[in-house]
Amino acid sequence: MAANKSFVHRQGFIVTQPVAVNESGWKRYRRIGPAIVVAAVVLGPGSIVSASRVACGEGFDLLWIVPLAGILMIGMTAAAMTIGVCKENTLCGLVADRFGRWAAWVVGLSLLIAITLFQASNNNAMWMAVSGFIGHETVNKWSTLGRASGLLLFNGGIIALVWLGRRDLYRWIERAMAFLVGAMVLSFGASMFASAPDWGDVIGGLIPSLPASEPTLTSDAEAVASSDNASIAWLSMAALVATTFSVAGAFYQSYQVKEKGWKRENLSTGLVDVFVGISSLALITGMIYVTAATALHGNIAPADLTDASVVALSLEPLFGSWARIVFSIGIFAGAASSFLVNALIGGVVFCDAIGTDCRVSSRPVQRATIAALLAGWAVASLAALTEVDLVSFIVIAQSLTVLCFPLLAGVIVWQLHTLDRKDVAWPIKVLAWIGLAVVIALSLKTLSGLI
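These numbers come from a predicted model, not from an experiment.

With that out of the way, let us pick up the overall build of the chain. On a plain count of helices and strands, the chain comes out with 21 helices and zero strands. With 451 residues in all, the chain has 57% of them scored as buried. Across the chain, the fraction of contacts at a sequence separation of at least 24, relative to all contacts at a separation of at least 6, is 88%. Roughly 17900 Å² of accessible area belongs to the chain as shown, and the carbon and sulfur atoms make up 66% of that amount.

Right, dumping it as structure tokens:
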């Protein structure tokens, strides 16, 4: 234990934005940022695709899943934030202190697997954004090898950014993610209002209920929808939960507050940060869901939802020829916001798990982040070369991440109960326990479905 703590003291975290305890009002809340980064990385193409596909198949019946997952995400993120500001050591460091370095390796590898699956989804989603900008037919003319090479060039640009990044890389990331979240709010908000939803149906969809058992599509579309097997339908729902309630993103929150230099005295600022950031995540996911439920449900089978332009095509009569561009801007912002930070999460936590320097600006983290970027590209390229449907690949990859979440959630809940009672509000503990139960149930169900 002493050895690991000495590492923390020796290496430390760069305090990118020191917080004065006596600050109040607007100056205090301008320092909000970590949860916006979490929202940006969680609100990637998986959230967009999963929300669109579930809404396309089930209409407004499952809209209630989005705010429910958002509430659970707020609880788990607040729990991780509280641990980060109250504990001197990091989460993987605490695991190593109690169970040994091998246990920290297991935690780090579990998160790295989830990150690789997320990253593969991000790579493939870039092609969905490109399809929206230049047309699906144009992209289809490119060879699979050409697509893989294009993804490698894009990853190469991100790798150069990581390797040549400045020491204040974290602060730059915060600002960039805030801009991209704003772009998604505008893009998907415009798309939602352009689709002219029935607000009575929207309110009704927020009441928990199970979808109707009978198909809602007709003729050929009905035949296609009924041919989708139950396991894929379940994976779509699990992916919708996993991409809103991302335990990996919540886990990283404890590292971000250390990067910011926040302490126990900054708990109130941290809670506001969590509420604002994760509420933004749930709001944007909800807007995407409402758009797809309005424009696509009953008009197209979920299996035909192959790229972003399909959603935009249904909006064109209302929104004009710019529909595809507007929606694709949101897709691109979602993929771009997730691309770097998602890999960075894997790099930071893995370096902490193996007991080396885990600061964002450190060389070990940069190397591990580059490895995560290349691993995600390799998986995505393999899918491209085998001509797997992009949407199905993204949905399945996102749903598989829930298999890694119980361990991460368990670590958060375990450490939460080692804190002083006055530091942890009881609703946070309740939501953390419910979140742990949900990810365990999702993992078991997903594993059963895959088998």
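On we go.
Across its twelve residues, helix α20 (residues 405–416) extends 16 Å between first and last C-alpha, which sits within 8% of the 16 Å expected from 1.5 Å per residue. Residues of α20 that are buried: Phe-405, Leu-408, Ala-409, Val-411, Ile-412, Val-413, Gln-415 and Leu-416.

Once that is clear, we can look at the confidence of the model for the chain. On average, residues of the chain score 75 in pLDDT, and 70% of them reach the 70 mark or higher. Put simply, helix α1 (residues 2–11) is where the chain has its lowest mean pLDDT, 39, and helix α5 (residues 65–86) is where it has its highest, 91. For residues 1–29, every residue scores under 50 in pLDDT, and the model assigns this stretch 51 contacts once sequence neighbours within four places are set aside. Scored below 50 in pLDDT, residues 213–229 makes 17 contacts in the model with residues more than four places away or belonging to other chains.

So, about the packing of α5 against helix α14 (residues 247–260). Contact pair α5 / α14: the axes reach a minimum separation of 7 Å and the direction vectors enclose 35°. You can see that α5 and α14 cross each other, and the crossing is right-handed. Along the contact surface, α5 presents Met-73, Met-76, Thr-77, Ala-80, Met-81, Gly-84 and Val-85, while α14 presents Gly-249, Ala-250, Phe-251, Gln-253, Ser-254, Val-257 and Lys-258. Among the residues making up the contact of α5 with α14, the classes are represented as eight nonpolar, five polar and one charged.

Grouped burial of nonpolar side chains is what soluble globular proteins tend to show. Grouped together as the largest cluster of nonpolar side chains are 121 residues, with contacts concentrated most on Phe-245, Phe-251, Tyr-289, Phe-405 and Ile-412. Apart from the residues lying within four places of it in its own chain, the contact partners of Phe-251 are Ala-80, Leu-91, Cys-92, Val-107, Leu-111, Val-349, Leu-408, Val-411 and Ile-412.

Our focus in this paragraph is the pattern of salt bridges. Counted under the stated rule, the structure contains three salt bridges. With its nearest N and O atoms 2.7 Å apart, the salt bridge here joins Arg-359 to Asp-357. The pair formed by Arg-359 and Asp-357 is uniform in burial state, with each residue classed as buried. Connected through shared salt-bridge partners, Arg-264, Lys-422 and Asp-423 make up one network.

Attention now moves to the packing of aromatic side chains. All chains considered together, the criterion is met by four aromatic pairs. When the ring of Phe-193 is compared with that of Trp-199, the centres are 6.0 Å apart and the planes differ by 50°; the resulting orientation is tilted. Its relative accessible area of 42% is what places Trp-199 among the partly exposed residues.

End to end, α5 covers 32 Å across 22 residues, agreeing with the expected 32 Å (1.5 Å per residue, within 8%). Burial analysis of α5 places 18 of its 22 residues in the buried class, which makes it a mostly covered element.

This paragraph deals with the packing of α5 against α20. For the pair α5 and α20, the least separation of the axes is 10 Å and the interaxial angle reads 55°. In terms of their interaxial angle, α5 and α20 are classed as oblique. The hand of the α5/α20 crossing is left-handed. Two secondary-structure elements touch here, α5 through Met-76, Ala-79, Ala-80 and Ile-83 and α20 through Ala-409, Ile-412, Gln-415 and Leu-416. The class makeup of the residues in the contact of α5 with α20 is seven nonpolar, one polar and no charged.

Here we take up the state of the cysteines. Every disulfide links exactly two cysteines, by a covalent bond between their sulfur atoms. Applying the stated criterion across every chain yields a total of zero disulfides. Free of any disulfide, Cys-358 has its nearest cysteine sulfur in Cys-351, 7.5 Å distant. A relative accessible area of 4% means that Cys-358 is categorised as buried.

Looking at the element boundaries, Thr-90 is found in the loop between α5 and α6 (91–99). Residue classification places Thr-90 among the buried residues on the basis of a relative accessible area of 4%. A distance of 2.7 Å separates polar atoms of two side chains, one belonging to Thr-90 and the other to Asp-352.

Here we come to the environment of Gly-410. Within the fold, Gly-410 resides in helix α20. The class for Gly-410 is partly exposed, based on a relative accessible area of 25%. Sequence separation between Gly-410 and Leu-436 is 26 residues; the distance between their C-alpha atoms is 6.6 Å.

Criteria and thresholds
- Numbering of residues starts from 1 in each chain and follows the order in which that chain's sequence is written.
- With pLDDT at 70 or above as the cut-off, local features in this predicted model cover only qualifying residues; side-chain atom pairs require 80 or more to be listed or tallied, and sums for whole chains, interfaces and linings still use all residues.
- Only hydrogens and water are set aside; all other atoms, that is, all heavy atoms of the structure, feed into the side-chain values.
- Helix and strand labels come from DSSP, where a helix needs a run of H or I of at least four residues and a strand needs a run of E of at least two; each type is numbered from the N terminus.
- Three exposure classes are used, based on accessible area relative to the maximum for each residue type with a 1.4 Å probe and protein chains only: buried under 20%, partly exposed in between, and exposed over 50%.
- We call two residues in contact when some of their heavy atoms are within 4.5 Å.
- To measure how exposed things are, a 1.4 Å probe is used in the Shrake-Rupley method; for residues, cover is taken only from the protein chains shown.
- Under the convention used throughout, the expected extent of a helix is 1.5 Å for every residue step, that is, one less than its residue count.
- The score called pLDDT rates the predictor's confidence residue by residue, from a low of 0 to a high of 100.
- Orientation is described by lines fitted to C-alpha atoms, with helices fitted over the stretch in contact, and by angles between N-to-C directions that extend from 0 to 180 degrees.
- For any pair of crossing helices, the crossing counts as left-handed if the nearer helix is rotated counterclockwise from the farther one by less than a right angle, and right-handed if it is rotated clockwise.
- Gly falls in the polar group here, along with every residue not listed as nonpolar (Ala, Val, Leu, Ile, Met, Phe, Trp, Tyr, Cys, Pro) or charged (Asp, Glu, Lys, Arg).
- Only buried Ala, Val, Leu, Ile, Met, Phe, Trp, Tyr and Cys residues count toward a nonpolar core, and they belong to the same one when joined by side-chain atoms within 4.5 Å.
- Criterion for a salt bridge: a side-chain nitrogen of Lys or Arg within 4 Å of a carboxyl oxygen of Asp or Glu.
- Pairing of aromatic rings covers Phe, Tyr and Trp, the last counted by its six-membered ring, and requires centre-to-centre distances within 6.5 Å; plane angles under 30 degrees mean stacked, over 60 mean edge-to-face, and any other angle means tilted.
- Oblique is the label for every angle not falling under 35 degrees (roughly parallel), over 145 degrees (roughly antiparallel), or within 65 to 115 degrees (roughly perpendicular).
- Disulfides are defined in this document as cysteine sulfur pairs within 2.5 Å.
- Side-chain atoms alone can form a polar contact between residues adjacent in sequence; in general such a contact is a pair of N or O atoms within 3.5 Å, and within protein one must be able to donate a hydrogen while the other accepts it.

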